Amino acid sequence: MGNTKSSALSKELLEELKSNTKYSEAELCTWYQTFLKECPGGKISKQQFEGIYASFFPNADPSKYAQHVFRSFDTNADGTLDFKEYIVALHLTSGGKTLQKLEWAFALYDVDGNGNISKSEILEIVRSIFNMIPAEDQKVLPEDEDSPEKRADKIWQFFGKKENDKISEGEFIHGVMDNKDILRLIQYDEPQKIKDKLAEKKQ
């Protein structure tokens, strides 16, 4: 049996998460109990994380996208997410401030972590997003963005880049903030069922 320390959030972490996310103390404590039930060791592995995504997308293949999302939140690169990393992930993917979301989106697209984004990295993430879109939904996409290659080209052209150029974090954030259409192209809109599942877990 765990002692009270292992089943209760530390005051410092609670204060930090309250100030950096939209969640209340009661919500965070409830999240923590749920997290410990699912991950008694206090960490969530990449496989567990992929399993969570797989349950959200039964008719598609979210594994690649889940791997990239996991990488972008595994801030200490230890192959697991602790409760803090997990909560920050939930916050940013379900309702963080625009700037925070875009900083995270940049980290998601910066696959090799070198501080800028290449066209091949854009294509890699866009491909993983397409894997999550059911085939019938792909059929109704606009013609100039109905394949990963077309969508990546559209994003690259928006930034006015040559084939081998790079996009810096500042360029990325300012460009996307100024253009809602590009924001739509770079993200996978969270399906309602994910929001419903998150709401269920909170209760």
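Residues numbered from 1 in each chain as written. Predicted model: local features only at pLDDT ≥ 70, side-chain atom pairs only at ≥ 80, totals over all residues. Heavy atoms only, no water.

(A) Region of the structure containing the packing of aromatic side chains. On inspection of all chains with the given rule, the structure shows ten aromatic pairs. Geometrically, the ring pair formed by Phe-35 and Tyr-86 is tilted, given 5.1 Å between the ring centres and 40° between the ring planes. Of this pair, Phe-35 sits in helix H3 (residues 25–38) while Tyr-86 sits in helix H6 (residues 83–95); the two residues are 51 residues apart in sequence, bridging distant segments of the chain. Phe-35 gets classed as buried once you look at its relative accessible area, which sits at 3%. (Phe/Tyr/Trp six-rings, centres within 6.5 Å; stacked < 30°, edge-to-face > 60°. Helix = DSSP H or I, 4+ residues; strand = E, 2+ residues; numbered from the N terminus. Buried < 20%, exposed > 50% of the residue type's maximum accessible area, 1.4 Å probe, protein only.)

(B) Representation of the side chain of His-68. Along the polypeptide, His-68 turns up in helix H5 (residues 63–73). For His-68, a relative accessible area of 7% puts it in the buried group. Within the structure, the side chain of His-68 is placed 3.2 Å from the side chain of Glu-124, a separation counted as a polar contact. Not counting the four nearest positions on each side in its chain, His-68 is found in contact with Leu-108, Val-111, Glu-124, Ile-125 and Ser-128. (Polar contact = N/O pair within 3.5 Å; in protein donor to acceptor, adjacent residues only side chain to side chain. Contact = heavy atoms within 4.5 Å.)

(C) Local environment of helix H4 (residues 46–56). Listed as buried for H4 are Phe-49, Ile-52, Tyr-53 and Phe-56. The arc that holds the buried residues of H4, viewed along the axis, is 95°, so those residues lie on one side. (Arc of directions from axis to C-beta.)

(D) Region of interest: the packing of helix H2 (residues 11–20) against H3. Between H2 and H3, whose axes approach to 10 Å, the crossing angle comes to 120°. The orientation of H2 with respect to H3, classified from their angle, is oblique. Handedness of the crossing formed by H2 with H3: right-handed. Every residue of H3 that contacts H2 at Leu-14, Leu-17 and Lys-18 is listed here: Glu-25, Leu-28 and Cys-29. (Axes fitted to C-alpha atoms, helices over the stretch in contact; angles between N-to-C directions. Parallel < 35°, antiparallel > 145°, perpendicular 65-115°, else oblique. Left-handed = near helix turned anticlockwise from the far one by under 90°.)

(E) Focus on H2. Within H2, the full set of buried residues consists of Leu-13, Leu-14 and Leu-17. Within H2, the buried residues cover an arc of 100° as seen down the axis, which keeps them to one side. Facing away from the buried side of H2, by more than 90 degrees, are the exposed residues Lys-11, Glu-12 and Ser-19.

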